[in-house]
Amino acid sequence: MKDRIEKLALFGGVPAFPEKLHVGRPNLGDREQFLARVNGMFDRNWLTNNGPLVEEFEQKLATMLGVRHCIALCNATVALEITTRALDLQGEVIVPSFTFVATAHALQWQGITPVFCDIDPLTHTIDPACVEKMITPRTTGIVGVHLWGRPCNIESLQEIADRKNLKLMFDAAHAFGCSHRGKMIGNFGQAEVFSFHATKFFNSFEGSIVATNYDGLAEKIRLMKNFGFSGYDNVVYIGTNGKMTEICAAMGLTGLESLDKVIETNRRNYHNYGKELDDVPGVRPVVYDESEKCNFQYVVFEVDEEEAGISRDLLVEVLQAENVMARRYFYPGCHRMEPYRSYFPHSHLLLPNTEMLVTKVISLPSGTAVGGDEISTICRIIRTAVTCSGKLPAVGAPTK
Ligand code: T4K
């Protein structure tokens, strides 16, 4: 099968795209607006430490999310670390393994044991029934991940947290601009952490906000991200440096102005992929609830090898040979990465859905860097690969 695909020389022996087409190309806002903000920053000679751009950024986001507090930080990994510390999480915390490794690292970095929990295979988010089974006397909290921007089963998680006296927070790295039951993500659990890394749907180069409706928690996070300083010479907690810089806030403020356009492009791309691959067996898109607000940033498909006749891994190889840099987010699952693989060598036995999904998911390029023509070509490559497996009738070689 692999030989057949390699020998196919899909586009006359040269890659379909002369340059690599990446997943996670940054969406950029208006360059002039950004530079005007940067000039203002230079004029003021105020570069970091809670400058006016960071303050404006925090206020705009709090209004947009309808949340009492948004605290800007340097990135979501540090934000997760600070938030778990501010919530006084210790001992064991339950997290999905099917996430970017930062979710687990943020806990382990502070000596908290991440206890990996299985996911619901339909939603890809943490399964509340499994959470319940993982609770021990050492458990202090649950970190849900709104993977691909699709909200967790928030109500069930909150019910468990309330009943078992656990803290609940969310890694909302993917879920900026998304809603759940009409309420913006940012309002759930004790706190929610967004990522504004360059690869995210909305970026501030690097950056994050923690959103919370709890005044005391917000205050603690503000202190902790600034070494614990309360006033000039008074340190009240152990703290770290988690501050967002002014230039990052300038990027974020500029990006906010074109957010709707980016969502519209993402939505179009997502539907284009869906339409073009609709009749390809064994290649199914992750579905969004379009009655809610959604950023459509991730174009994720599940590849069923039996139905498609081609494995996810081989499909990734085929695409990458054509310069389509599809990714296996999130392979192989945190539990199979170090140090967790060594610490918990048998954890995979409790994670059957995770184990199955990590072999199936494929992320395809989207965002403003990708247009309809590129998507058609990418879909033709996928279609051809499945055709070669004999699962689709051949209809002639693809043309560029
Ligand atoms: N929780 C979750 C669920 C997350 O997904 C993440 C981050 C976090 C927490 C932590 O958030 P941060 O601390 O980063 O704020 C990338 C990102 O670095 C990471 O932020 C993101 N998740 C993850 C899903 O993707 P890698 O290791 O895959 O990055 P890399 O270098 O392979 O880049 C990804 C793609 O983006 C490449 O195809 C190239 C393209 N790219 C990247 C950059 C930086 C560009 O085209 N331009 C660029 O400037 O982790």
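Since we're looking at a predicted model, the values are computed, not measured.

**Considering the overall build of the chain**
(1) Moving on: Check the secondary structure of the chain and you find 15 helices and 14 strands.
(2) Moving on: Against the compact-globule benchmark of 21 Å for 400 residues, the chain has a radius of gyration of 22 Å, which places it among compact chains.
(3) Moving on: Taking the principal axes of its C-alpha atoms as reference, the chain extends roughly 75 × 55 × 40 Å.
(4) Moving on: When each of the 400 residues of the chain is scored for burial, the buried share is 55%.
(5) Moving on: In the chain, of all internal contacts separated by at least 6 residues, the share reaching a separation of at least 24 is 71%.

**Some remarks on the pattern of salt bridges**
Opposite charge on two side chains permits pairing when their charged atoms draw close.
(1) Moving on: One pass over the structure, following the stated rule, counts 18 salt bridges.
(2) Moving on: As a salt-bridge pair, R267 and E290 come within 3.9 Å of each other at their nearest N and O atoms. Here R267 is found in helix 10 (residues 259-276), whereas its partner E290 is found in the loop between strand 11 (283-285) and strand 12 (299-303), with 23 residues between them in sequence.
(3) Moving on: The exposure class assigned to R267 is partly exposed, which follows from its relative accessible area of 29%.

**Digging into the pairing of strand 4 (residues 113-117)**
(1) Moving on: For strand 4, a buried count of four out of five residues is recorded, marking the element as mostly surrounded by other parts of the structure.
(2) Moving on: The pairing of strand 3 (residues 92-96) with strand 4 spans five bridges and is classified as parallel. For V93, the partnering residue across the bridge sits in strand 4 and is P114.
(3) Moving on: Handedness of the β-α-β unit built from strand 3, helix 5 (residues 102-108) and strand 4 comes out right-handed.

**Re the packing of helix 4 (residues 76-86) against helix 8 (residues 215-224)**
When two helices pack together, their arrangement is given by the angle between their axes and by how far apart the axes lie.
(1) Moving on: At a minimum axis distance of 9 Å, the contact between helix 4 and helix 8 shows a crossing angle of 125°. Classified by the angle between their axes, helix 4 and helix 8 sit oblique to one another. In this structure, helix 4 crosses over helix 8, and the sense of that crossing is right-handed. Here helix 4 contributes I82, T83, R85 and A86 to the contact with helix 8, which in turn contributes L217, K220, I221 and M224.
(2) Moving on: Residues belonging to the contact of helix 4 with helix 8 are distributed by class as follows: five nonpolar, one polar and two charged.

**Notes on the site of the ligand**
(1) Moving on: Residues in contact with the ligand amount to 23 residues; listed here are only the nearest, R25, T77, D171, S195 and Y329.
(2) Moving on: The separation between an oxygen atom of the ligand and a polar main-chain atom of G24 is 3.4 Å.
(3) Moving on: A distance of 2.6 Å is found between an oxygen atom of the ligand and a side-chain nitrogen or oxygen belonging to T77.
(4) Moving on: Coverage of the ligand by the protein amounts to 75% of the 930 Å² it exposes when considered alone.
(5) Moving on: The residue makeup of the shell around the ligand, split by class, is nine nonpolar, ten polar and four charged.

**What to know about the nonpolar core**
If you look at soluble globular proteins, the nonpolar side chains tend to sit buried side by side.
(1) Moving on: F57, F176 and L319 are the most contacted members of the largest nonpolar core, which totals 96 residues.
(2) Moving on: The element contributing the most residues to this core is helix 15 (residues 372-388), with seven residues.
(3) Moving on: Counting the residues that make up this core, at least three belong to each of domain 1 (2-25 + 258-326 + 365-391) and domain 2 (31-117 + 124-257).
(4) Moving on: The contact partners of L319, leaving out residues within four places of it in the chain, are V324, A326, I362, L364, I378, I381 and I382.
(5) Moving on: Residues V78, L89, V101 and V210 belong to the second largest nonpolar core, which totals 30 residues.

**Observations regarding the pairing of strand 3**
(1) Moving on: Counting buried residues in strand 3 gives five out of five residues, a clear majority hidden from the surface.
(2) Moving on: Covered by surrounding structure in strand 3 are E92, I94 and P96 together with V93 and V95, the residues of both alternating faces.
(3) Moving on: Across three bridges, strand 3 lies against strand 5 (residues 139-145) in parallel orientation. Each bridged residue has a counterpart across the sheet, and for I94 the counterpart in strand 5 is I142.

**Describing the environment of R383**
(1) Moving on: Tracing the backbone through its elements, the reader meets R383 in helix 15.
(2) Moving on: Given the relative accessible area of 25%, R383 is considered partly exposed.
(3) Moving on: For the pair R383 and N50, spaced 333 residues apart in sequence, the C-alpha to C-alpha distance is 51 Å.
(4) Moving on: Engagement of the side chain of R383 in a polar contact is seen with the side chain of D279, the distance being 2.6 Å.

**Some points on the confidence of the model for the chain**
(1) Moving on: Mean pLDDT for the chain: 94, with 94% of residues reaching 70 or above.
(2) Moving on: Scored below 50 in pLDDT, residues 396-400 shows ten contacts in the model against residues more than four places distant or in partner chains.

**Quick notes on the sheet that holds strand 5**
(1) Moving on: Taken together, seven strands build an open sheet; the order of strands is 2-10-9-6-5-3-4 and the sheet is mixed. Two strands lie at the open edges of the sheet, namely strand 2 (69-73) and strand 4, each paired on one side alone. Within this sheet the neighbouring strands show an average axis-to-axis angle of 25°, counted without direction.
(2) Moving on: Sheet topology places strand 5 next to strand 6 (residues 167-171); five bridges connect them, and they run parallel. Bridge assignment links I142 to a residue of strand 6, and that residue is L168.

Quick notes on the rules
Residue positions are counted from 1 within each chain, in the order its sequence is given. For a predicted model such as this one, the threshold for reporting local features is a pLDDT of at least 70, and the threshold for listing and counting side-chain atom pairs is 80 or more; totals across whole chains, interfaces and linings nevertheless cover every residue. With hydrogens and water excluded, all non-hydrogen atoms of the structure serve as input to the side-chain values. Comment: elements are numbered from the N terminus, with helices defined as DSSP H or I runs of at least four residues and strands as E runs of at least two. In this setup the radius of gyration rests on C-alpha atoms only. A globule is expected at 2.2 Å times the number of residues raised to 0.38. For the exposure calls, accessible area comes from a 1.4 Å probe over protein chains only, and a residue counts as buried if that area is under 20% of its type's maximum, exposed if over 50%, partly exposed in between. In what follows, a contact means two residues having at least one pair of non-hydrogen atoms within 4.5 Å. By convention in these notes, a salt bridge is any Lys or Arg side-chain nitrogen within 4 Å of a carboxyl oxygen on Asp or Glu. Strand pairing is assigned whenever DSSP detects at least two bridges linking the two strands. Note on handedness: a clockwise path from strand one over the helix to strand two, with the strands aimed away from the viewer, defines a right-handed crossover. Structural elements are reduced to axes, namely lines fitted to C-alpha atoms, with helices fitted over the stretch in contact, and the angle between N-to-C directions of any two is expressed from 0 to 180 degrees. Roughly parallel here means an angle under 35 degrees, roughly antiparallel means over 145, roughly perpendicular means 65 to 115, and every remaining angle is called oblique. Left-handed describes a crossing whose near helix is turned anticlockwise from the far helix by less than a right angle; the clockwise case is right-handed. Under the scheme applied here, ten amino acids are nonpolar (Ala, Val, Leu, Ile, Met, Phe, Trp, Tyr, Cys and Pro), four are charged (Asp, Glu, Lys and Arg), and all others, including Gly, are polar. What makes a residue near a molecule or strand is one non-hydrogen atom of that residue sitting within 4 Å of it. Identification of polar contacts relies on pairs of N or O atoms within 3.5 Å, with a donor-acceptor requirement for protein atoms, meaning one able to donate a hydrogen and the other able to accept it, and with residues adjacent in sequence counted only if both atoms are side-chain atoms. Residue-level accessible areas treat just the shown protein chains as cover; the underlying method is Shrake-Rupley with a 1.4 Å probe. Throughout this description, the term nonpolar core refers to a set of buried Ala, Val, Leu, Ile, Met, Phe, Trp, Tyr and Cys residues connected via side-chain atoms within 4.5 Å. A domain assignment, automatic or from a database, supplies the domain bounds used here. pLDDT expresses how confident the predictor is about each individual residue, on a scale running from 0 to 100.

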